[in-house]
Amino acid sequence: MKSAVETLNPTRVRLTVEVPFEELKDSLDAAYKKINQQVTVKGFRKGKIPARVIDQRFGRGAVLEEAVNDALPKFYTDAVNEAELNPLGQPEVDITELKDGETLNFTAEVDIRPTLEIPDYSGIEVEVDAVEVTDEDVEKSVEQLRERFASTSPVERAAEDGDVVTIDLEAKVDGEVLEDGIANGVSYTIGSGELLDGIDDAVKGLEAGGETTFTSELKGGSAAGREAEVTVKVTQVAKRELPELDDDFAQLASEFDTLDELKADSRKRLANMKQYDQATQAQERVLDKLLELVEVPVPEKLLEDEINTRKHNLEHHQLGQMGLTLDKYLELQGKTAEEFETETREAAVKGIKTQFVLDELVKQEKLNVNQEELTEHLMRRAASSGMSPDQFAQAVVEQGQVPLLVGEVARGKALAVVVEKATVKDTNGEIVDLDDEEDEAETAEAAAEAPEAEAAEAAEEKNEG
């Protein structure tokens, strides 16, 4: 076999392959054997029909077609390996010449990973938000904890803002009660905005036993997005009572003896959260700077596939679970279809460029992924997908997605190498120390996830199915 490579553009090549006919012998033998098992000829036992009879009865062309279809993948793979290419996706194959007993010639066009040159990145500088926890932040955190320990007591008066009402609901569309439009004994805090638009105004002023009807657009269920006539009946009005902010509350709501100790712990927790957010911000901004340094051509077919994958996951999984259509989602987001298309394309381009650049860095820095790192990453991805580690791992293996997970971890390590050499300052001009390796690896992996159909998405789809 002889092969040659023609570069069509930085991300696409054409392979020209010439195969001597004798190299088709194994595939021809396999073709005759396969046809032998599929056909019957009077006077011959099944599987024992001579090749010349098959040629006479069914045509030599049918045999050649079967043999070529069997052989092409191997010859294509051999040509790819010989040229040391990194193909992306399936090739477009065209048989240019097939002469029985002489030769098989074909071409294969395929997208490839572009050759990248990573320049010196040690001079990257980025600015991130300073970690500052104010007294107001602490008070808000403690107040949220206080809300969780609120108690309620029934009152005999009209419902007011902040009250907890127990209600029965019935929704009608076009005068018909929906099958999933009845709910009884629903507990709702007035002003929380957790149910239907308009419900706060509807129930305020009603006492227990009071009933009213209002119109609202349904947020979920079988008639999501449609206008419904909703009847609401209040069966109980209860006043929320917050515990006093004192040492007794601290002992009730935490392991601390005093309110001051509880507040000090809240301040520490908030600082840790903001430090994590700061590290994530540093990762993202360093990545953006790195991508600016490298010229990365993007294969158009890969880009279109990535855009379609992102749209599919949004429409059929994320929005589907919320009972929203894409049009309704865009309306809620205040975006036009054109803006959505532009944003999706930009995100897909960035994702592909990120993968190409970080994969090149993995090779350049000779980074490897050990079993412990892969297991830790799998545990995190399982937690984010809502699956148990065992379920997630099984789905990943069955879907053949293990290499994707390995790639995510490796890319995270590559980005961590770049961040380590970058200068990161906060808005106060202070140098930020990002030496916490565990947090750095985790945030880097999140920033460097592959843009293709991810292992987690595949696992979630399988679980949902």
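Residues numbered from 1 in each chain as written. Predicted model: local features only at pLDDT ≥ 70, side-chain atom pairs only at ≥ 80, totals over all residues. Heavy atoms only, no water.

The chain carries the name Trigger factor in an unreviewed UniProt entry, which gives Streptomyces viridiviolaceus as its organism. According to the UniProt record, the Sequence similarities (unreviewed entry) comment for the chain reads "Belongs to the FKBP-type PPIase family. Tig subfamily." UniProt lists a comment for the chain under the heading Function (unreviewed entry), and it reads "Involved in protein export. Acts as a chaperone by maintaining the newly synthesized protein in an open conformation. Functions as a peptidyl-prolyl cis-trans isomerase." (UniProt positions renumbered as here; feature names shortened; annotations may be inferred.)

Of the strand pairs in this sheet, strand E6 (residues 151-154) and strand E10 (residues 227-241) are connected by four bridges, and their pairing is antiparallel. Pairing of Thr-152 across the sheet is with Arg-240, part of E10. Of the pairings in the sheet, the one linking strand E7 (residues 164-173) to E10 comprises nine bridges and is antiparallel in character. Considered in E10, the bridge of Asp-168 is made with Lys-233. Alignment of strand E9 (residues 211-217) against E10, held across seven bridges, turns out to be antiparallel. Each residue of the ladder has a partner; that of Glu-217, found in E10, is Glu-227. (Pairing = 2+ DSSP bridges. Helix = DSSP H or I, 4+ residues; strand = E, 2+ residues; numbered from the N terminus.)

The next thing to look at is the UniProt feature "domain: PPIase FKBP-type" (unreviewed entry) in the chain. UniProt annotation of "domain: PPIase FKBP-type" (unreviewed entry) refers to residues 162-215 when read in the numbering used here. When the span residues 162-215 is considered, its composition is 9% helix and 54% strand, and the gap between its end C-alpha atoms is 22 Å.

Okay, unusual backbone geometry next. With a phi close to 55°, Asp-174 is a non-glycine residue in the positive phi region. Locating Asp-174 in the fold gives a position in the loop between E7 and strand E8 (176-189). Classification of Asp-174 as exposed rests on a relative accessible area of 69%. At Lys-366, a residue that is not glycine, the phi angle is positive and equals roughly 55°. For Lys-366, the position within the fold is in the loop between helix H10 (337-364) and helix H11 (371-385). (Buried < 20%, exposed > 50% of the residue type's maximum accessible area, 1.4 Å probe, protein only.)

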